[in-house]
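Descriptive structure summary
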Amino acid sequence: MLSGQLLGGFPLIRPILFYPDKRLRNPGKEVEEFDAELRELIEDMAETMYAAPGVGLAAPQLGISKRLFIVDVATGEDEPSDLRVFINPEIIEAEGDTTFNEGCLSFPGIREDIDRAERIKVRAADPDGKPFELEADGLLAIAIQHENDHLDGKLMIDHLSVLRRRLVHRAMTKRAAVDAAQ
Ligand code: NI
């Protein structure tokens, strides 16, 4: 990745926070500086997401309270990567309904059916601070809505029925206890 090389650094894999880590609930703050530090963070996020592997990652999942997420839904083996960066995003239009069996890097091993809008329009800034708009459907629209939730401290578990929420909470809490004991 070019700008990382220009900085003389290499992108790092950073630790991802797991539910029920309370920092996942901190809403992100607007990004104001589009500088080398931001580009470095984006490169680290991409490295971390691809290593996991996952199709999306939001800054709050690394304990960084910024309104920034990345997605790459090109998951096919022969598909070229399609990394997209969304800074200070806003979903400005949403229509239709769809349900998809979602996962989240902050909920390892959990997959749940979640209802989302089928088509969205998002407005955001790119890493240079340049605004853009994008219309999306399919997996890209789902991933954008999922990651955008993270910027408000909202998690996949919040979309579930009370019963499913309790089951997922219990599984993740048990996992955290096992991790802490190791
Ligand atoms: Ni997630």
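Just so it is clear, the structure is predicted and the values come from calculations on it, not from any experiment.

Observations concerning the sheet that holds strand β3 (residues 84-95)
Pairing within the open sheet is antiparallel, and its 5 strands lie in the order β1-β2-β3-β6-β7. One side of each edge strand has no neighbouring strand; the edge strands of this open sheet are β1 (56-58) and β7 (131-137). In this sheet, neighbouring strand axes are inclined to one another by 35 degrees on average, regardless of whether the strands run parallel or antiparallel. Examined bridge by bridge, β1 and strand β2 (residues 68-71) share 3 bridges and lie antiparallel to one another. Within the sheet, the bridge partner assigned to G56 lies in β2 and is V71.

Some words on the pairing of strand β5 (residues 112-116)
Residues E112, I114 and R116 line the buried face of β5, whereas the alternating positions D113 and D115 sit on a face that is not buried. Relative to β5, strand β4 (residues 98-102) is paired through 5 bridges, and the arrangement is antiparallel. Counted as the bridge partner of F100 is I114 from β5.

Overview of the coordination of the nickel ion
Coordination of the nickel ion by the protein comes from C104 (SG), H146 (NE2) and H150 (NE2), over a distance range of 2.1 to 2.2 Å. Each donor residue of the nickel ion lies on one chain, and together they are spaced C-x41-H-x3-H. Separated by 42 residues along the polypeptide, C104 in the loop between β4 and β5 and H146 in helix α3 (residues 138-151) bring together distant segments of the chain. C104 gets classed as buried once you look at its relative accessible area, which sits at 10%.

A look at unusual backbone geometry
The omega torsion of the bond from Y19 to P20 falls at 10 degrees, within 30 degrees of zero and hence cis. Tracing the backbone through its elements, the reader meets P20 in the loop between α1 (2-6) and α2 (36-51). A cis amide bond links A52 with the next residue in sequence, P53, at an omega value of -10 degrees. Note on placement: P53 falls in the loop between α2 and β1. Despite not being glycine, N88 shows a phi value in the positive range, around 50 degrees.

Examining the nonpolar core
Of all hydrophobic cores here, the largest spans 18 residues; its most connected members are I42, M45, L57, L68, I70 and I87. Contributing elements (two or more residues each) for this core: α2, β2 and β3. Among the elements that make up this core, the one with the highest residue count is α2 (6 residues). When near neighbours in sequence (up to four residues on either side) are disregarded, I70 contacts I42, M45, A46, M49, V55, G56, L57, L83, R84, V85 and E147. If you look at the next biggest cluster of nonpolar residues, it comprises 16 residues, including V73, V122, A136 and L140.

Conventions used here
- Sequence positions are assigned chain by chain, starting from 1 and proceeding in written order.
- For a predicted model such as this one, the threshold for reporting local features is a pLDDT of at least 70, and the threshold for listing and counting side-chain atom pairs is 80 or more; totals across whole chains, interfaces and linings nevertheless cover every residue.
- Based on all heavy atoms of the structure, the side-chain values leave hydrogens and waters out of the count.
- Here, strands pair whenever DSSP counts at least two bridges between them.
- Strands are runs of DSSP state E lasting at least two residues, helices are runs of H or I lasting at least four, and both sets are numbered from the N terminus onward.
- Where helices are involved, their axes are fitted lines through C-alpha atoms of the stretch in contact, as for all axes, and angles between N-to-C directions lie from 0 to 180°.
- Only protein chains enter the accessibility calculation, which uses a 1.4 Å probe; a residue is then buried when its area is under 20% of its type maximum, exposed when over 50%, and partly exposed in between.
- Sites may look incomplete because water is not among the atoms; the donors themselves are N, O and S atoms within 2.8 Å of the metal, or within 3.2 Å for Na, K and Ca.
- The set of buried Ala, Val, Leu, Ile, Met, Phe, Trp, Tyr and Cys residues whose side-chain atoms join them within 4.5 Å is what this entry labels a nonpolar core.
- Contact definition: two residues touch when any of their heavy atoms are within 4.5 Å.

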